[in-house]
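Below are the chains, spelled out letter by letter.
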Amino acid sequence: MTLSPARAPGTGPGSGPAVRRLTATLYGYAFLDDFVLLYPVYALLFSDTGLTVWQISSLFCLWSLTGVLLEIPSGAWADAVSRRLLLWFGPLLTAAGFTLWVLAPSYWAFALGFVLWGAKGALGSGALEALVYEELDRLGAAGRYGAVMGRARAAGLVAVMAAIPLTGPVYAFGGYPAVGLASVLACLLTAATATRFPEHREPSAAAKDGDARREGPGDDLGEVLGDAPGDGWTRMLRAGLAEARGDRSVRGALLLVPAVTPVWGALDEYTPLLVRDTGVAESAVPNWLLLIWAGATVGGLLAGVGRRLGTGGFAGLLAVSAVALAAGAWVRTPAGIGLVALSFCGFQLASVMADARLQDRIGGAGRATLTSVAGVGTDLTTIAVYGAYGVIGSATTHGAAFALFAVPYLVTAVALAAARKGAAGKKAARAARTSGSRARP
């Protein structure tokens, strides 16, 4: 049973005013959320403060661990209370963390900032996807979810590319405090934009049992925080996990997200090293990185077309992208970076499609919960890739390491193709049995 509200009368899958308001808010939110001038220089800030490489690595691990621990509880919370409220509150946590970084730079300030940043990521993961999907579904435009989220991811990548050239002049003007102030302002604007999200949901199962909550402009943060320890969010957590256990299609879609998203997302952190190994000048590395990010941006924009691919097309997309990644990285030439950009285009498209497939298959009230479960799988796989790359990258070249990490995608493509073939065989067998029974006198 779905708890999604009925579609608004007079709305359809077109681009009505309500859909345009939702998508405009989403694109603005995605852009501002990644328009953070600290991104290109925070590692330098840590180093200039005197942190060792080990200390910096421990901060990244703390950041990831925070997300893993909070991902599922925050997803269940988003199903029990206002998702819009969590999307508003999260950027304020990041703003507080960035403020700590520039006002009191030290290891423990950086650690607390990463905990706040990780909490923000957990609050938004699941809540954003669930809000957007259910609002589109209410307006009769659920079929546009993949294209809409693809454009949102593209907007975030454009923000990163726009922030990089601005960071230098701002740093030259006022150093880390100026860069930090600009980043805090971006977080505050992100929170302000979140208040523009529409949210119309029927009471959750928990609310129907007597723990009703009103979700709208009047939601009060103190009320939500007071409700969190209660039974509502734990009930939503159980409901979401029960759906995954009971529905094979949901379970398969849930596993597909961490099979597609984390490997190339983790490899992105090492692309500067891969580019430098091709022999280009240090000053030219950012230009080649822009090419890779442009490829990922195009992948997000193609999500509307990619949604029409079936399981076989999805498997083919993963296989072609994996071959492009392996070939582009192995040749260790600047021309090969173009193939890497092509592979990132395919992987971004596949990531959006995997998310859309999951949202399409969730039918119960625990949409944000199950999206967060997929997020935990993604986070854990990402941490594993970081660890594996540390070992492999130390023993061989970056090109060889990138090529090796294309193998999991080939395995996933083969598994999808086999599953498609098996499903087709079962369908043919059922059709044959039905035909045979009808032929009997």
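Residues numbered from 1 in each chain as written. Predicted model: local features only at pLDDT ≥ 70, side-chain atom pairs only at ≥ 80, totals over all residues. Heavy atoms only, no water.

1. Let's talk about the overall build of the protein chain
Now for step 1: Counting its secondary structure elements, the protein chain contains 19 helices and 0 strands.
Now for step 2: Evaluated residue by residue, the protein chain yields a buried proportion of 50% over its 441 residues.
Now for step 3: In the protein chain, once contacts between residues fewer than 6 apart in sequence are set aside, the share between residues at least 24 apart is 84%. (Helix = DSSP H or I, 4+ residues; strand = E, 2+ residues; numbered from the N terminus. Buried < 20%, exposed > 50% of the residue type's maximum accessible area, 1.4 Å probe, protein only. Contact = heavy atoms within 4.5 Å.)

2. Looking at helix α6 (residues 127-138)
Now for step 1: In a regular helix each residue adds 1.5 Å, so 12 residues correspond to 16 Å; α6 covers 16 Å between its end C-alpha atoms and thus fits that length.
Now for step 2: α6 sits mainly inside the fold: 12 of its 12 residues count as buried.
Now for step 3: Positive backbone phi, approximately 75°, marks G140, located one or two places after α6. (Expected span 1.5 Å × (residues − 1).)

3. Overview of the packing of helix α2 (residues 42-49) against helix α5 (residues 107-124)
Now for step 1: Running from N to C, α2 and α5 point in directions that differ by 155°, and their axes come no closer than 12 Å. Accordingly, the angle class assigned to the pair α2 and α5 is roughly antiparallel. Contacts between α2 and α5 involve Y42, L45, F46 and T49 on the former and, on the latter, F110, F114 and W117.
Now for step 2: The class makeup of the residues in the contact of α2 with α5 is 6 nonpolar, 1 polar and no charged. (Axes fitted to C-alpha atoms, helices over the stretch in contact; angles between N-to-C directions. Parallel < 35°, antiparallel > 145°, perpendicular 65-115°, else oblique. Nonpolar A, V, L, I, M, F, W, Y, C, P; charged D, E, K, R; others polar.)

4. Here's the deal with unusual backbone geometry
Residues apart from glycine generally show negative phi values, whereas peptide bonds are mostly found in trans.
Now for step 1: Phi is positive for R332, which is not a glycine, with a value near 55°.
Now for step 2: Its place among the elements puts R332 in the loop between α15 (311-330) and α16 (334-361).
Now for step 3: The exposure class of R332 is partly exposed, given its relative accessible area of 38%.

5. What about the pattern of salt bridges?
Now for step 1: All told, the structure shown has 3 salt bridges when counted by the stated rule.
Now for step 2: When the shortest N-O distance is used, the salt bridge between E134 and R83 registers 3.0 Å. Here E134 is found in helix α6, whereas its partner R83 is found in helix α4 (residues 83-103), with 51 residues between them in sequence. Each member of the pair E134 and R83 is classed as buried. (Salt bridge = Lys/Arg side-chain N within 4 Å of Asp/Glu carboxyl O.)

6. Focus on the packing of aromatic side chains
Aromatic rings considered in pairs are described by the distance between their centres and by the relative angle of their planes.
Now for step 1: The final tally for this structure, using the stated rule, is 28 aromatic pairs.
Now for step 2: On the numbers, 5.7 Å between centres and 5° between planes, the contact of Y39 with W117 is stacked. Residue Y39 is located in the loop between α1 (17-34) and α2, and its partner W117 is located in helix α5; the two are separated by 78 residues in the primary sequence.
Now for step 3: According to the relative accessible area criterion, Y39 is partly exposed, its value standing at 24%.
Now for step 4: Pairing Y133 with Y145 gives two aromatic rings, centres 5.3 Å apart and planes at 70°, and the pair type is edge-to-face. Within this pair, whereas Y133 is found in helix α6, its partner Y145 is found in helix α7 (residues 145-194), the two being separated by 12 residues in sequence. (Phe/Tyr/Trp six-rings, centres within 6.5 Å; stacked < 30°, edge-to-face > 60°.)

7. Focus on the side chain of S351
Now for step 1: With respect to the helices, strands and loops of the structure, S351 is situated in helix α16.
Now for step 2: The residues contacting S351, other than those within four sequence positions of it, are R153, V260, T261 and W264.

8. Some remarks on the nonpolar core
One recurring pattern in soluble globular proteins is that nonpolar side chains are buried together.
Now for step 1: Membership of the largest hydrophobic core comes to 52 residues, with the highest contact counts inside it found for F314, L318, L325 and F402.
Now for step 2: When residues no more than four places from it in sequence are discounted, the contact partners of F314 are L256, V260, L309, A350, M353, A354, R357 and L416.
Now for step 3: Listed in part, the 34 residues of the second largest apolar core include A80, A119, A127 and A152. (Core = buried A, V, L, I, M, F, W, Y, C linked by side-chain atoms within 4.5 Å.)

As far as function goes, none of this settles anything; it's purely spatial.
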